[in-house]
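Inside the fold
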Amino acid sequence: MEQTRYTIPAILIHWVMAALIIVVWTIGTLAVDMPLGPDRIVSFSWHKWIGITILFLVLLRIVWRLTHPAPELNIVMPKWQERTMIFTHWALYILMFSIPVVGWLMSSAHGYTVNYFGLFELPDLVSKDKVLAEQLEDLHGLLADGLMILVGLHVLAALKHQFIDKDGLLSRMSFHKSSNKKGAV
Amino acid sequence: MNKFFRGLALLSTSLLLCGNIPSVNAAEFNVIDIAKSKITFTTKLMGSNLNGGFSKFSGKVDFNPDQPEKARANLVIEIASFNAGGDDLQEEARGKDWFNTKSFPTANFVSDVVKNLGNNRLEITGKLSIKGKAMPLTMAATYQVQGKQVVFDSSFQLLRLDYGLGAGNWADTSAVANEVPVKVHLVLNSN
């Protein structure tokens, strides 16, 4: 079944953000256990730089999505699956936005100003507050774990559609036309 | 008549002296108002400025605005009062790779030559010792006499590696910059 694709900018931003999210999560997870040293400082700097990039991209993406609606889904699936899909997509957007914001807040509360690739400093969102910093740190980690669970669900669902249902759903988000077309065989 | 003039002259001289002596005393500033004084610095971590300071210091300063070039200063900074970033960073700063406060609990600045540049500006040359290393230091300073206080402000830049601050892998200046701008704000009271 031929599926209508998302617009090229939407597809591009989806895959770039997917890659950045995996990288930022990996760096964050590794760096949090590092002892204080240059490696930790460099790692967290990259973590923040990528995180701020994600924040910028998700805002751009929301604007794009609002002005360029998703192509119509002409796949029949059980109502619960469709509801789960809608919930997951909403949650992914909310988390992609809130995790970097909470991270930025947490860095400010720790007394560390966030900068962007060493080019310029971003404003401190809150003043130094140790208790608040620790609460935000917990929240940042919790939301990030939640995001990774939803990313896992999102990927598994896509793989199920691709290899079990073979309904060409993945082609909606692919750069090239689907090679998985039921009607073509 | 002659006697009268002599008496007047004597009176005016003594008045002048009486008037002068307290004013000379008031011009001597040598008590550091620690609560109002500040020693702060900025360290740059991967492009972000991190401000910090030393809250405990003491010392001897002699300053007379009439003779600024005769000013002398000897400051002792308690390194353990280092304050910047979070707890882990402060603990690290006191450790061996950085200030090693166990072996070197204090830093010290002793002035050598004070040049009066005019317009309330000074050039102070002296020796700064941190972590057992003494290095010559020249700083520009300004001062303002405000009634019974004199306020000094000086800013200069240190290179942390000159003092062996940040040994081992901390020597990497891309993570923590070598240049450390320092600001000294001293408020002196007259005794």
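**A look at the overall build of chain B**
Helix and strand counts for chain B come out as two helices and 11 strands. Here the analysis covers contacts within chain B between residues at least 6 apart in sequence; of these, 55% occur between residues at least 24 apart.

**Side note on the overall build of chain A**
Each helix and strand in chain A was counted, giving four helices and two strands. In chain A, the succession of α and β elements from N to C terminus is α-α-α-β-β-α. Its C-alpha atoms give chain A principal-axis dimensions of roughly 60 × 30 × 30 Å. Looking at chain A as a whole, 24% of its 185 residues are labelled buried. Relative to all contacts within chain A whose residues are 6 or more apart in sequence, the contacts with residues 24 or more apart total 66%.

**Digging into the packing of helix 1 (residues 8–31) of chain A against helix 2 (residues 38–67) of chain A**
Residues and elements named next belong to chain A. Between helix 1 and helix 2, the least distance of the axes is 9 Å, while the angle of their chain directions is 155 degrees. It follows from the interaxial angle that helix 1 and helix 2 lie roughly antiparallel. As for how helix 1 packs across helix 2, the hand of that crossing is left-handed. Classifying every residue of the contact of helix 1 with helix 2 by side-chain character gives 19 nonpolar, five polar and two charged.

**A short note on the nonpolar core**
Counting residues in each nonpolar core, the largest one holds 30 residues, and the members touching the most others are B:Ile77, B:Phe99, B:Val150 and B:Leu188. Top contributing element to this core by residue count: strand 8 (residues 121–130) of chain B, with four residues. Not counting residues within four places of it along the chain, the set of residues in contact with B:Leu188 comprises B:Phe29, B:Asn30, B:Val31, B:Ile32, B:Asp33, B:Val61, B:Phe63, B:Gln149 and B:Val150. A:Ile54, A:Val58, A:Leu105 and A:Leu136 belong to the second largest nonpolar core, which has 19 residues in total.

**Notes on the interface of chain B and chain A**
Between chain B and chain A, the residue contacts involve 16 residues of the former and 14 residues of the latter. Listing elements by their share of the side of chain B that touches chain A, those giving two or more residues are strand 3 (48–54) and helix 2 (87–94) of chain B. Along the lines of polarity and charge, the residues of the side of chain B that touches chain A split into seven nonpolar, six polar and three charged.

**Some words on unusual backbone geometry**
Residues and elements named next belong to chain B. Look at Asn 100: it is not a glycine, yet its phi comes out positive at around 50 degrees. Of note, Asn 100 is situated in the loop between helix 2 and strand 7 (106–118). Even without being glycine, Asn 120 reaches a positive phi, approximately 65 degrees. Residue class for Asn 120 comes out partly exposed when judged on the 15 C-beta atoms lying within 10 Å of it.

**Some details on the environment of A:Asp129**
Its location among the elements puts A:Asp129 in the loop between strand 2 (120–121) and helix 4 (130–165). For A:Asp129 and A:Met106, which are 23 residues apart along the polypeptide, the C-alpha to C-alpha distance reads 9.3 Å.

**Comments concerning helix 2 of chain A**
Every α-helix carries 3.6 residues per turn, so stepping three or four residues along brings you back to the same face. With 30 residues, helix 2 of chain A should reach 44 Å at 1.5 Å per residue; the first-to-last C-alpha distance of 44 Å fits that figure. For helix 2 of chain A, every residue scored as buried is listed here: A:Pro38, A:Ile41, A:Phe44, A:Ser45, A:His47, A:Lys48, A:Trp49, A:Ile50, A:Gly51, A:Ile54, A:Val58 and A:Arg61. Contact partners of the buried residues in helix 2 of chain A: helix 1, helix 3 (79–110) and strand 1 (115–116) of chain A together with strand 2 (38–45) of chain B.

**Observations regarding the confidence of the model for chain B**
Reading fine detail from the predicted coordinates is not recommended where pLDDT is low. Residues and elements named next belong to chain B. Across chain B, pLDDT averages 88, with 86% of residues at or above 70. Strand 8 holds the highest mean pLDDT among the elements of chain B, 97, whereas helix 1 (residues 2–26) holds the lowest, 53. The low-confidence segment residues 17–26, where pLDDT is below 50, has one contact with residues more than four positions distant or belonging to other chains.

**Focus: the environment of A:Leu60**
Residue and element names in this part refer to chain A. One can find Leu 60 in helix 2. Here Leu 60 falls in the partly exposed class, since 13 other C-beta atoms lie within 10 Å of it. With 25 residues separating them in the primary sequence, Leu 60 and Pro 35 have C-alpha atoms 36 Å apart.

**Focus on the pairing of strand 11 (residues 179–190) of chain B**
All names here are of chain B. Pairing geometry for strand 1 (residues 29–32) and strand 11, over three bridges, is antiparallel. Paired with Phe 29 across the two strands is Ser 190, which belongs to strand 11. Relative to strand 11, strand 10 (residues 149–159) runs antiparallel, the two sharing 11 bridges. Residue pairing for strand 11: Gln 157 is matched across the bridge by Pro 181.

Analysis parameters
- Residues numbered from 1 in each chain as written.
- Chains lettered and ligands numbered in written order.
- Predicted model: local features only at pLDDT ≥ 70, side-chain atom pairs only at ≥ 80, totals over all residues.
- Helix = DSSP H or I, 4+ residues; strand = E, 2+ residues; numbered from the N terminus.
- Contact = placed C-beta atoms within 7 Å.
- Buried ≥ 20, exposed ≤ 12 C-beta atoms within 10 Å, placed from the backbone.
- Axes fitted to C-alpha atoms, helices over the stretch in contact; angles between N-to-C directions.
- Parallel < 35°, antiparallel > 145°, perpendicular 65-115°, else oblique.
- Left-handed = near helix turned anticlockwise from the far one by under 90°.
- Nonpolar A, V, L, I, M, F, W, Y, C, P; charged D, E, K, R; others polar.
- Core = buried A, V, L, I, M, F, W, Y, C linked by C-beta atoms within 7 Å.
- Expected span 1.5 Å × (residues − 1).
- pLDDT = per-residue confidence, 0-100.
- Pairing = 2+ DSSP bridges.

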